[in-house]
Amino acid sequence: MRTSKIKNIQFEKLEKDDATFNRAAEIFRVMSAPMRLRIMSCLCAGEKNVSELLEEVDTTQSNMSQHLSTLFQAGILQKRREGVQIYYSIANPGFVDLCRAVCTQIASESLTSV
């Protein structure tokens, strides 16, 4: 878990090196797929296994598994095994905050343009 000192760093004061921007670009690339945003939205309420996610997201099991793997490899999701089931959850609430901020902004813009 990160310390509160790290959480309170202002964007303007961040070290603007290539590694920081490359990691940010990777996170945005991974999160750019609508299906992955849907999966993250489902996991906001807590951890779920693949079957539970498939009940909420209209896709095939293999497609779901591919997206979960991509999100896990990027460090956006974490997983744990319980028997034969694998449960996924959000690794860092900051990723949810980021998605929520962008989606809320887009939704409010679409409401004002109607």
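Look up: the structure comes first, before these words.
Below is a summary of the structure that appears in this document. All of these numbers come straight from a predicted model, not from anything done at the bench.

Conventions we followed
- Residues numbered from 1 in each chain as written.
- Predicted model: local features only at pLDDT ≥ 70, side-chain atom pairs only at ≥ 80, totals over all residues.
- Heavy atoms only, no water.
- Axes fitted to C-alpha atoms, helices over the stretch in contact; angles between N-to-C directions.
- Helix = DSSP H or I, 4+ residues; strand = E, 2+ residues; numbered from the N terminus.
- Parallel < 35°, antiparallel > 145°, perpendicular 65-115°, else oblique.
- Contact = heavy atoms within 4.5 Å.
- Pairing = 2+ DSSP bridges.
- Phe/Tyr/Trp six-rings, centres within 6.5 Å; stacked < 30°, edge-to-face > 60°.
- Lys NZ or Arg CZ within 6 Å of the ring centre and 35° of its normal.
- Expected span 1.5 Å × (residues − 1).
- Buried < 20%, exposed > 50% of the residue type's maximum accessible area, 1.4 Å probe, protein only.
- Arc of directions from axis to C-beta.
- Polar contact = N/O pair within 3.5 Å; in protein donor to acceptor, adjacent residues only side chain to side chain.
- Salt bridge = Lys/Arg side-chain N within 4 Å of Asp/Glu carboxyl O.

A word on the packing of helix α3 (residues 34-43) against helix α5 (residues 61-73). α5 packs onto α3 with a crossing angle of 80° between their chain directions and a minimal axis gap of 10 Å. In terms of orientation, α3 lies roughly perpendicular with respect to α5. Side by side, α3 and α5 meet where M35, R36, I39 and M40 of the first sit next to N63, M64, H67, L68, T70 and L71 of the second.

Here we take up the sheet that holds strand β3 (residues 85-90). The antiparallel open sheet is built from 3 strands, whose spatial order is β1-β3-β2. In this open sheet, the two strands that pair with only one neighbour each are β1 (48-49) and β2 (77-82). By the bridge criterion, 2 bridges tie β1 to β3 in an arrangement that is antiparallel. The partner of K48 across the bridge, within β3, is Y88. Against the sheet, α3 makes contact with β1, β2 and β3, and its axis sits at roughly 95° relative to β3, the strand it touches most.

Turning to the packing of aromatic side chains, a few remarks are in order. By convention here, two paired aromatic rings are described through the distance between centres and the angle between planes. All chains considered together, the criterion is met by 0 aromatic pairs. Between K79 and the ring centre of F72, over which it is positioned, the NZ or CZ distance is 4.4 Å. The residue whose ring lies beneath R80 is Y87, and the NZ or CZ to ring-centre distance is 4.8 Å.

It is worth spelling out helix α6 (residues 93-112) at this point. Over its 20 residues, α6 runs 29 Å from end to end, which matches the ideal 28 Å to within 8%, given 1.5 Å per residue. Burial in α6 covers these residues: F95, V96 and C99. Taken around the axis of α6, the buried residues stretch over an arc of 95°, which confines them to a single face. Those residues of α6 that are exposed and aimed more than 90 degrees away from the buried face are P93 and T112. Next to the buried residues of α6 lie α2 (18-30), α3 and β3. For α6, the N-terminal cap is N92; the gap from its side-chain oxygen to the backbone nitrogen of G94 is 2.7 Å.

Another point: the pattern of salt bridges. Per the counting criterion, the structure on display carries 5 salt bridges. Taking the shortest distance from any N to any O, the salt bridge between R80 and E47 comes out at 2.5 Å. In this pair, R80 sits in strand β2 while E47 sits in the loop between α3 and β1, placing the two residues 33 residues apart along the sequence. The class for E47 is partly exposed, based on a relative accessible area of 33%. A salt bridge links E56 to K48, with the nearest nitrogen and oxygen atoms 3.0 Å apart.

What follows is about the environment of I76. By the element assignment, I76 lies in the loop between α5 and β2. When its relative accessible area of 0% is taken as the criterion, I76 is described as buried. Remark: the alpha-carbon pair of I76 and I27, spanning 49 residues in sequence, is separated by 8.0 Å. Setting aside anything within four residues of it in sequence, one finds I76 in contact with I27, V30, M31, M40, L71, S89, I90, A91, N92 and F95.

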